[in-house]
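# Structure at a glance
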Amino acid sequence: MVIASALMGLAAFLISIALIRRYSNTPEITSILMSLNIGIYFLTSPTLLFADSPILFKYGSSGSYLISGRYETLITSMFLHANLMHLFLNMYALYILGKVAEISLGRTKFISLYFLSGLVGNLLSCIIDSSSVSVGASGAIMGLLGYIVAMEYRVTGRFNPSTVLLAIFVIFGGFSANVDVLAHLGGFLVGLGSGLFRAPSW
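Just so we're clear, the structure is a prediction, and the values are computed from it rather than from any experiment.

### Considerations on the side chain of S134
As for its position among the elements, S134 is in the loop between α7 (107-128) and α8 (138-156). Judged by relative accessible area, which is 10%, S134 ranks as buried. Side chain to side chain, S134 and D180 meet in a polar contact 2.6 Å long.

In structure tokens form, the structure reads like this:
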């Protein structure tokens with residue numbers, strides 16, 4: 001079973017990166033991040049519809065894990081998704097926002113913003129809500145949204161009310177249940193700050 005899951009995850013990664021790069025004209029790092037998330041989901045989801053709960057609880061982020069020194073979960077949780085819909089929504093958002101942010105920032109700064117947003121979002125969630133276990137790439141993706149909102153402000157000189165309302169809607173998870181609002185908020189603020197205070201060379 002473990003070998004079959006590993007092979008399925010590897011196949012999903014290779015197929016998805018080939019298809020994304022071939023047909024969607026998606027930048028390199030965004031393509032790799034999407035493919036990693038897809039591959040890891042298939043690796044951790046024996047039923048395909050839902051991820052394996054013990055894996056989610058073991059590698060998700062939680063304040064109690066940080067207290068015990070399991071800092072790696074701040075990263076591992078960013079590549080885990082609870083179910084197929086969770087994965088689809090996050091990958092669709094990464095596809096839309098990643099293309100814009102990566103072209104604007106370049107590969108190195110894009111991936112730095114992505115991981116910093118995810119880390120800060122997870123850390124904020126762990127500190128304030130230490131009892132929950134969280135998974136998902138949404139904190140990192142919200143950093144991309146925050147950056148794009150900030151860059152729109154720098155170009156137009158004002159915050160577009162429609163964009164702000166959309167950001168608030170997404171931060172609070174829309175109509176979805178079990179959303180880690182703190183991770184969303186932390187990631188968004190990192191991206192917003194990065195965009196607002198971006199140096200000319202960025």
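Moving on from the model shown.
### Quick look at the environment of N122
Along the chain, N122 falls in helix α7. We classify N122 as buried; its relative accessible area is 6%. In this view, N122 contacts S61, L74, S77, M78 and A183; residues no more than four positions away in its chain are not counted.

### Some thoughts on unusual backbone geometry
At L48, a position not held by glycine, the phi torsion is positive, near 75°. In this structure, L48 sits in the loop between α2 (28-44) and α3 (53-59). Residue class for L48 comes out partly exposed when judged on its relative accessible area of 34%.

### Some points on the UniProt feature "transmembrane region" (unreviewed entry) in the chain
As recorded in UniProt, the sites labelled "transmembrane region" (unreviewed entry) are residues 38-57, 78-98, 110-128, 135-153 and 165-192. Helix makes up 71% of residues 78-98 and strand makes up 0%, while its end C-alpha atoms are separated by 15 Å. Between the first and last C-alpha atoms of residues 135-153 the distance is 31 Å; the span itself is 84% helix and 0% strand.

### Description of the packing of helix α9 (residues 161-171) against helix α10 (residues 181-196)
Their axes nearest at 9 Å, the elements α9 and α10 cross at an angle of 140°. By the angle between their directions, the pair α9 and α10 is classed as oblique. Contacts from A167, V170 and I171 of α9 reach α10 at V181, H184, L185 and F188. Grouping the constituent residues of the contact of α9 with α10 by class yields 6 nonpolar, 1 polar and no charged.

Calculation notes
Residues numbered from 1 in each chain as written. Predicted model: local features only at pLDDT ≥ 70, side-chain atom pairs only at ≥ 80, totals over all residues. Heavy atoms only, no water. Helix = DSSP H or I, 4+ residues; strand = E, 2+ residues; numbered from the N terminus. Buried < 20%, exposed > 50% of the residue type's maximum accessible area, 1.4 Å probe, protein only. Polar contact = N/O pair within 3.5 Å; in protein donor to acceptor, adjacent residues only side chain to side chain. Contact = heavy atoms within 4.5 Å. UniProt positions renumbered as here; feature names shortened; annotations may be inferred. Axes fitted to C-alpha atoms, helices over the stretch in contact; angles between N-to-C directions. Parallel < 35°, antiparallel > 145°, perpendicular 65-115°, else oblique. Nonpolar A, V, L, I, M, F, W, Y, C, P; charged D, E, K, R; others polar.

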